[in-house]
Amino acid sequence: MKKIKVSAPGKLMLFGEHAVVYNRPCIVTTVDQRIRVLIELVFGDEIKIDAPEVGVAGYTKKLGLLGQHKNLPKGVQFLETSIKNFFEKYKVKSGLRIETKSEFSSEFGFGSSSAVTVAAFKGLSELFKIKMDNKKLFDLAHKTVLDVQGVGSGFDLAAAIWGGTVFFVTGGKKVIPLKVKKLPLVVGYTGIKADTPTMVKKVAILRENNKKLVDSIFDQISLLTNKAKTLLLRGNFKKTGELMNLNQELLDALGVNTKELSNLIIAARETGAWGAKLSGAGGGDCMIAFIKEEKRKAVESAIQKAGGRVIKVRPNAEGVKIE
Ligand code: PMV
């Protein structure tokens, strides 16, 4: 029967994490490591999923029971809820066989769940010949993420859909692709897996207890994100680095920094990076630095010496596509 292969890129947050949950902007870029999803229409009344990177082999679910999760790995929850939402929205259904393959570990915080969700909708819309523009794809994918994890600005979905570097406001209120030149990026992984909903909740509690203060931190993050947009478009990476440092201090104030992230960030700054910050929810995952190319080797080995693992990625990758 009919089958299709789709891929979507991973992402890295450059500016504005957490503030973007509260109606402020962020800037995100995609990376050249992708998730590939194969979807095949099959006879029968069940879906079958193999997702080795999240430890899923031969998982099946009857079509009538889609969306009922009981301690399922995240990868399956997102896929299954995507299928359920697609079938409900477009009043179609079919048995399916799905295989996912990832070029990056789901531990990095590169957004494997959002990339899988986006790829699933793209593939299903092709298989069922239903026209979905980027905005429609985004809205249904965002609903799916909210169904599964209750929180999420949707920035990672926008990155996976549009690709490249994107200026984004909460819930897709603004999605502005930025024509930026090659970003001089170094990525260091702490080795610690962060849980985004937990970190978002942590900030929500801090805000409940200190609303004005925390909102003013979000306002400052918003200011620097807007400024970073202008500087990135001009290719002024040195000054963008300065803003990364400022963003990092504000994230620290929000309580999402860790000793391990700090160690890598300081190591990068001390070896001459223009700026460095955590990327994403904090509590672990990755840090990023902007560097002068001549300093790349030195910054990378300083990150490794400080206990990090350098992840080689090329930013500004293409958005979701049929393979
Ligand atoms: O941990 P990540 O890479 O999924 O990034 C989370 C970014 C937040 O702003 C904290 C949450 C969100 O949905 O925007």
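The notes below deal with the structure included here.

How each quantity is defined
- Residues numbered from 1 in each chain as written.
- Predicted model: local features only at pLDDT ≥ 70, side-chain atom pairs only at ≥ 80, totals over all residues.
- Heavy atoms only, no water.
- Helix = DSSP H or I, 4+ residues; strand = E, 2+ residues; numbered from the N terminus.
- Rg over C-alpha atoms; globule rule 2.2 N^0.38 Å.
- Contact = heavy atoms within 4.5 Å.
- Areas by Shrake-Rupley, 256 points an atom, 1.4 Å probe, with all protein chains shown as cover.
- Pairing = 2+ DSSP bridges.
- Axes fitted to C-alpha atoms, helices over the stretch in contact; angles between N-to-C directions.
- Parallel < 35°, antiparallel > 145°, perpendicular 65-115°, else oblique.
- Left-handed = near helix turned anticlockwise from the far one by under 90°.
- Buried < 20%, exposed > 50% of the residue type's maximum accessible area, 1.4 Å probe, protein only.
- Near = heavy atom within 4 Å.
- Nonpolar A, V, L, I, M, F, W, Y, C, P; charged D, E, K, R; others polar.
- Salt bridge = Lys/Arg side-chain N within 4 Å of Asp/Glu carboxyl O.

1. Examining the overall build of the chain
Phase 1 of the analysis: A tally of helices and strands in the chain yields 9 helices and 12 strands.
Phase 2 of the analysis: The C-alpha radius of gyration of the chain comes to 19 Å, within 12% of the 20 Å expected for a compact globule of 323 residues.
Phase 3 of the analysis: In terms of overall dimensions, the chain has C-alpha extents of about 60 × 40 × 35 Å along its principal axes.
Phase 4 of the analysis: Across the chain, contacts joining residues at least 24 apart in sequence account for 72% of those joining residues at least 6 apart.
Phase 5 of the analysis: Accessible surface, the chain as shown: approximately 14,100 Å² in total, 52% of it carbon and sulfur.

2. Describing the sheet that holds strand E10 (residues 286-290)
Phase 1 of the analysis: With antiparallel pairing, the 4 strands of this open sheet are ordered in space as E9-E10-E8-E11. Of all the strands in the sheet, just strand E9 (275-279) and strand E11 (309-310) have a single pairing partner and so form its edges.
Phase 2 of the analysis: Contacts from helix H7 (residues 237-253) reach E9 and E10, with the element oriented near 45 degrees to E9.

3. Points about the environment of Lys48
Phase 1 of the analysis: With respect to the element layout, Lys48 can be found in strand E3 (residues 46-51).
Phase 2 of the analysis: For Lys48 and Met1, which are 47 residues apart along the polypeptide, the C-alpha to C-alpha distance reads 15 Å.
Phase 3 of the analysis: Aside from chain neighbours lying at most four places away, what touches Lys48 is Gly58, Tyr59, Thr60, Leu96, Arg97 and Ile98.

4. Overview of the packing of helix H8 (residues 259-270) against helix H9 (residues 296-305)
Any two packed helices are characterised by how steeply their axes cross, that is the angle between the axes, and by the distance between the axes.
Phase 1 of the analysis: Orientation of H8 relative to H9, taken along the N-to-C sense of each, is 150 degrees, at an axis distance of 8 Å. Between H8 and H9, the angle falls in the class roughly antiparallel. For H8 against H9, the interelement crossing comes out right-handed. Every residue of H9 that contacts H8 at Leu264, Ala267 and Ala268 is listed here: Val299, Ala302 and Ile303.

5. A few points about the pairing of strand E6 (residues 165-169)
Phase 1 of the analysis: With respect to burial, E6 is a largely interior element, 5 of its 5 residues being buried.
Phase 2 of the analysis: Strand direction decides the pairing type here: strand E2 (residues 25-42) and E6, joined by 5 bridges, are antiparallel. The residue of E6 that forms the bridge with Pro25 is Val169.
Phase 3 of the analysis: Pairing analysis gives 5 bridges linking E6 to strand E7 (residues 174-178), with the strands arranged antiparallel. Looking at the pairing, Phe167 lines up with Ile176 of E7.

6. Details of the site of the ligand
Phase 1 of the analysis: Near the ligand lie 13 residues; those nearest to it are Lys11, His18, Ser153, Thr196 and Ala281.
Phase 2 of the analysis: Considered on its own, the ligand offers 380 Å² of accessible surface; in the complex 94% of this is hidden by protein.
Phase 3 of the analysis: In terms of residue class, the shell around the ligand is made up of 5 nonpolar, 6 polar and 2 charged.

7. Digging into the packing of helix H3 (residues 134-149) against helix H4 (residues 155-162)
Phase 1 of the analysis: It is the contact of H3 with H4, at a shortest axis distance of 10 Å, that shows an interaxial angle of 145 degrees. Both H3 and H4 take part in a crossing whose hand is right-handed. Contacts from Asn134, Lys135, Leu137, Phe138, Ala141, His142 and Val145 of H3 reach H4 at Leu157, Ala158, Ile161 and Trp162.
Phase 2 of the analysis: Across the contact of H3 with H4, the residue classes tally to 8 nonpolar, 2 polar and 1 charged.

8. Focus: the environment of Ile291
Phase 1 of the analysis: By secondary structure assignment, the location of Ile291 is in the loop between E10 and H9.
Phase 2 of the analysis: Sequence separation between Ile291 and Gly67 is 224 residues; the distance between their C-alpha atoms is 44 Å.
Phase 3 of the analysis: Excluding residues that lie within four positions of it along the chain, Ile291 makes contacts with Pro184, Val186, Ala273, Trp274, Arg296 and Val299.

9. As for the pattern of salt bridges
Between side chains of opposite charge, a pair can form as their charged atoms come close.
Phase 1 of the analysis: Counted under the stated rule, the structure contains 20 salt bridges.
Phase 2 of the analysis: Notably, a salt bridge pairs Asp147 with Lys143, separated by 3.1 Å at the nearest N-O pair. Of this pair, Asp147 and Lys143 are both found in helix H3, 4 residues apart, which corresponds to roughly one turn of the helix.
Phase 3 of the analysis: For Asp147, a relative accessible area of 39% translates into the label partly exposed.
Phase 4 of the analysis: For Glu300, the salt bridge is made with Arg296, and the minimal N-O distance between the two is 3.7 Å. Linking Glu300 with Arg296, this pair stays in helix H9, spanning 4 residues, or about one helical turn.
Phase 5 of the analysis: Take Glu300: its relative accessible area is 11%, and that puts it in the buried class.
Phase 6 of the analysis: Taken together, the shared-partner salt bridges connect Glu293, Arg296, Glu300 and Lys312 into one network.

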